[in-house]
Amino acid sequence: MKASHVFNVGSKLPELLLPLNEIVGNLRWSWHVPSAELFRWIDPELWESTKRNPAALLDRVPMARIAELASDPRFVEQLNKIAADLRRHRSSSGYFQIKYPHENLQVAYFSPEFGITEALPQYSGGLGVLAGDHLKSASSLGIPIVGVGLYYRDGYFSQSLRSDGWQHETYSHDPDTDRLVSSDPSHRFELPIGNDSLTVAIRIATVGRITLLLLDTDLEVNEVPLRNVSDRLYGGDRTHRLLQEILLGIGGVRALDALGVRADVFHMNEGHAGFLTLERIRKFRASGLNMQEAIEATRATTMFTTHTPVPAGIDRFDRGLIETYLGPYLKSMDLDLDEFLALGSAGRDFGSDEFNMAHMGLRLSGRANGVSRDHGFVSRELFSDLWPQLDVSQIPIEHVTNGVHARSWTLAKIDELLSKTLLDSWPEADVKEYDRFLEVNPLEIASAKRTAKMVLVDAIERRLKKSDYKVARDGQSTHSVSITPDTLVIGFARRFAPYKRATLLLRDKDRLLAMLRNSERPVAFVFAGKAHPADDPGKEMIASILSFARDNGVSDRFIFVPDYDISIARSLYQGVDVWLNTPRRPLEASGTSGMKAAMNGTLNCSILDGWWSECYDAKNGFAPTSAPDGLDNNEIDAYETASIFETLEEEVIPLYFNKNANGDRLAWYEMVRYSMASLVPYISGARMVKDYTDDFYVPLARRSERLFEDDFAGIKELTQWKAKIRAAFENVRIYSFDVVPGLPAEESNDDDGGSSDLRELHIEVSAEGLAAQDLRVEVLYGPVLPGSTEFARYETLEATFTGSYMTSHELSHGKDEQPTEVNLYRAAFDAKGGGTFGYLIQVFPSNPNLAKEFEMGLRIHS
Ligand SMILES: *Cc1c(COP(=O)(O)O)cnc(C)c1O
């Protein structure tokens, strides 16, 4: 598919400079250093003052300068080189084309926010930046994705500080951002909202080879208030949020249709996009499927990624709102309101009469995942109500650990170093290849970091100068920052959500001040981050950081930088030495800021939560001890404050200030080098999108292609089969089972000396109304933990069906006098090694066409 671009800048460009339009019109410049350098060449000051927005830059640059550049052969040559490189990037074969030459896949990735560049502020934090990195990484690997989001006229708020340190939010429309997305008046469609209809414009951004559709309701034809649906990100009440989600989900599918874009897999980045399933059910109904079949077809082509372990972080709507704004639409597609509400019904941990977007997302997705290994565990637990018959470990929510788009975040000098030691394609290299990085001279990293630190100081001072907040007690504005190349700089930047505990170290002010006032080992902290507009405790944390610094005269080294965005975040990842992360476990689903820091030779010092708990290996960073189980929040905070101080005082600071005879920080940068070699290949966005492609997108697409053949024959069959199973599964019983003793113990040939102890299980299962092949009977067996029945570990064995018989009347239980058919199964296992052994028999529906073994959630066990 081709994006159509309508950029006005071309009108004033001379022929020779026309390729500039192409380069500006593709957001690849946001991670492609030569493109950014080209824009800087045009006018370095304008480049910075337009927030690095090349469209705005071209609009404002004087004609005389344009003429000058057109007559500079070096500029023209470089321009043509970059334009040719962009064309090559868009048409070349990447990972996907090489691995799947015959796959005709198209994924639609829906997200309420996309953080691609600071010049396009359509993001609030981690979720949006991750979505941007997903598209960019997919572009680099050639993975066929189209992004779908909203175009927020005012974006997210800019943050300033009142003179007392309280956060102030400003929403405003910056027309420069509009220049980065095209808008063609013919790209419009109608969206039903309640009894009204809203006209939606589709704006298009191009991200390398990826197209991103952004939906905009700010059109003359629409009347206020509906016209304001896309006014700002996360800025309104529940109604506003619901309308935005209708726009994203239902509108997003309509936008794809309006442009004739096919999609085989729909990926929901969090529950906000959940209504896309509704529009797709409606379409399947219109093509002749019944409701259950339409739901099955939708599930077959949908995946859901959950991002938060905090129940309060999940969108919920009450019945009245849903009825008002979706009622007529539901009626038009013949979907009963109660039937629909049941899809989003909640339970434990959630308000039980609310409609829960994550629950709907999970119920209508063939596959689902959390965003780190630990978050997989937490999510299976959090949503276990949806699958009450399953063991938590069987809940069909997997995990794909997040990653970050390497080239968007990495310091140019470090990029060079990695390119030199590995290849230009280092973001895609695997762990083994990173052994070569261990031979790099650590002082080369040190030199790159030294420069980046001073660039950071510059960026901080520029931001402080713009702020009204007076850092000195006498009310003077001072913007000086006491950071030299020798200072150990500890960074902390992220949303100021209370669970991230930005102010944890303020619990022990004396200990903190001792650290800050040590002139032999200078340490500075740099904080940045926005609190959600409605989050007063978050704002409180910002104010207390500022007042602590002011009251104790340490504002020059305990610094809060206002107006957190991608630009200051990047300078921080690149310029600080240590990235501090203090979430309350297990609330950090993944976290990605630490990954971006690690990629830049910054060492993580983080509580073991999210991605860090998976990647920390005791040598690649620091992990303060977490509080033991069973404490309350206050005790946890006290415990972890002490352990973070201890880590900083006893490990981080001594290592940083340990210089060799030449005055070099060799030991520190050796650790940095190791940290990069061990982490970068794993935390790269390339690894993340490969995982999604290989384990989710391609299998979903292949399965649905098979099930959709011959007018949805497979879907219809699967739907009928599921209906049969649902009706009959309650009849399934494990009728009896027996361990058959006396099997000859076989001679052991194990090295561990344990002798074999073979057992055979005879299992009888009655399953009225079902055939033997509708079910799978398994034996789970293994040693159990001392004094409990919990498996220490277990293996799974499928029992073999050996025949069936009819019970006689005498054996029938209770008043059920009818003879039943009983299926016989056998399984032999080896209770090797002695000790206490356990086993469990489980029976569940089985069909090769299921997307996931336990997707029906039906299971009985012994
Ligand atoms: C990476 C990033 C985040 C995510 O930070 P975490 O605290 O790790 O989730 C948020 N905002 C910006 C601007 C980022 O670049």
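That block above? That's the structure.
Summary of the structure given here. (Residues numbered from 1 in each chain as written. Predicted model: local features only at pLDDT ≥ 70, side-chain atom pairs only at ≥ 80, totals over all residues. Heavy atoms only, no water.)

1. Thoughts on the overall build of the protein
Inference 1: Tallying secondary structure elements over the protein gives 27 helices and 26 strands in all.
Inference 2: Taking 2.2 N^0.38 as the reference for a compact globule, 862 residues should give roughly 29 Å; the C-alpha atoms of the protein span a radius of gyration of 30 Å, in line with that estimate.
Inference 3: With respect to the three principal axes, the spread of C-alpha positions in the protein is 100 × 65 × 50 Å.
Inference 4: Buried positions account for 58% of the 862 residues belonging to the protein. (Helix = DSSP H or I, 4+ residues; strand = E, 2+ residues; numbered from the N terminus. Rg over C-alpha atoms; globule rule 2.2 N^0.38 Å. Buried < 20%, exposed > 50% of the residue type's maximum accessible area, 1.4 Å probe, protein only.)

2. Side note on the sheet that holds strand 2 (residues 145-150)
Inference 1: One open sheet accounts for nine strands, arranged 5-6-7-2-1-8-9-12-13; its pairing is mixed. Strands at the two margins of the open sheet, each flanked by one partner only, are strand 5 (182-193) and strand 13 (398-399).
Inference 2: As defined by bridge partners, strand 1 (residues 107-110) adjoins strand 8 (residues 265-269) across four bridges and the pair is classed as parallel. Looking at the pairing, A108 lines up with F266 of strand 8. (Pairing = 2+ DSSP bridges.)

3. Details of the packing of helix 8 (residues 126-141) against helix 27 (residues 685-728)
Inference 1: Where helix 8 meets helix 27, the axes come as close as 9 Å, and the angle between the chain directions of the two elements is 80°. One element, helix 8, and the other, helix 27, form an angle in the roughly perpendicular class. Taking contact as the criterion, the partners of L130, H134, S137, A138 and L141 in helix 8 are, on helix 27, G685, A686, M688, V689, K690, Y692 and Y697.
Inference 2: Along the lines of polarity and charge, the residues of the contact of helix 8 with helix 27 split into eight nonpolar, three polar and one charged. (Axes fitted to C-alpha atoms, helices over the stretch in contact; angles between N-to-C directions. Parallel < 35°, antiparallel > 145°, perpendicular 65-115°, else oblique. Contact = heavy atoms within 4.5 Å. Nonpolar A, V, L, I, M, F, W, Y, C, P; charged D, E, K, R; others polar.)

4. Concerning the site of the ligand
Inference 1: In the neighbourhood of the ligand, 13 residues make up the surrounding shell, with K500, Y573, T592, S593 and K596 lying closest.
Inference 2: For the ligand, an oxygen atom lies 3.2 Å from a polar atom in the side chain of R494.
Inference 3: Interatomic distance of 2.5 Å between a side-chain N/O atom of K596 and an oxygen atom of the ligand.
Inference 4: When isolated, the ligand has an accessible area of 390 Å², and the protein chains bury 95% of it.
Inference 5: At the level of secondary structure, the elements contributing two or more residues to the shell around the ligand comprise helix 8, helix 22 (566-575) and helix 23 (593-599). (Near = heavy atom within 4 Å. Polar contact = N/O pair within 3.5 Å; in protein donor to acceptor, adjacent residues only side chain to side chain. Areas by Shrake-Rupley, 256 points an atom, 1.4 Å probe, with all protein chains shown as cover.)

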